[in-house]
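Below, each chain spelled out in residue letters.
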Amino acid sequence: MSKEDTEGILQECDAGVKTAINSIDEVIDRTNNSELKNALKKSRTEHVELGNEIATLLDENGFEGKDPSVMSKLMSKGKINSELLIDPTDSVIAELMIDGCNMGIKKLSEYVNKFPSSSSPAIKTAQRVIKTEQELMDEMRVFL
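Keep in mind the model is a prediction, meaning the values are calculated, not measured. (Residues numbered from 1 in each chain as written. Predicted model: local features only at pLDDT ≥ 70, side-chain atom pairs only at ≥ 80, totals over all residues. Heavy atoms only, no water.)

Chemist: Provide a residue-level description of the pattern of salt bridges, including the pertinent values.
Modeler: Under the defined criterion, the tally for this structure stands at 12 salt bridges. Among the ionic pairs, Glu26 bridges to Arg30, the shortest N-O distance being 3.4 Å. The shortest N-O distance in the salt bridge between Glu53 and Arg128 comes to 2.4 Å. You can see Glu53 sitting in helix α2 (residues 34–60) and its partner Arg128 sitting in helix α5 (residues 120–140), a full 75 residues away along the chain. A cluster of three or more residues bridged by salt bridges with shared partners is formed by Asp14, Lys18 and Asp67. (Salt bridge = Lys/Arg side-chain N within 4 Å of Asp/Glu carboxyl O. Helix = DSSP H or I, 4+ residues; strand = E, 2+ residues; numbered from the N terminus.)

As structure tokens, then:
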């Protein structure tokens, strides 16, 4: 087990979960469909729980958390606002969430492969985040 690999994967999980929560917060009040809103609320709760678990793992290992970069936050917020300015529909919200989930899955999968010497709890946590993103993506498809 490599301490650096464990730190890298946990920090990427931390930043990814925070990005997901921020994105959900950005769109949730713009939804018209109550089922979509409920799916987003449920996913937000799951992401918050994952974030708490990640924070605990980071703390137990003596690592710092990682916030999404300022550029990442600005780009995400900009994309959401510009897309919804053009077409403020639930379908666009679902599409934006699917795009975000896909990016998160790709990034975390890359980190799982990049840091193969991570601790088992760190890898399991990354896999849970990936699964949570996949579930949200699957739920969003019905709103396209």
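Chemist: Describe α5, naming the residues involved and giving the relevant values.
Modeler: A rise of 1.5 Å per residue sets the reference length of α5, with its 21 residues, at 30 Å; its end C-alpha atoms lie 30 Å apart and thus fit the reference within 8%. For α5, the full list of buried residues reads Ala122, Ile123, Thr125, Ala126, Val129, Ile130, Thr132, Glu133, Leu136, Met137 and Met140. Elements in contact with the buried residues of α5: α1 (3–27), α2 and α4 (90–114). (Expected span 1.5 Å × (residues − 1). Buried < 20%, exposed > 50% of the residue type's maximum accessible area, 1.4 Å probe, protein only. Contact = heavy atoms within 4.5 Å.)

Chemist: Tell me about α2, and name the residues and values.
Modeler: End to end, α2 covers 39 Å across 27 residues, agreeing with the expected 39 Å (1.5 Å per residue, within 8%). Along α2, the positions that sit buried rather than exposed are Leu36, Ala39, Leu40, Ser43, His47, Leu50, Gly51, Ile54, Leu57 and Leu58. Looking at the buried side of α2, the elements it contacts are α1, α4 and α5. For α2, the side-chain oxygen to backbone nitrogen distance between the N-cap and Glu35 is 2.7 Å, and the N-cap itself is Asn33. (Polar contact = N/O pair within 3.5 Å; in protein donor to acceptor, adjacent residues only side chain to side chain.)

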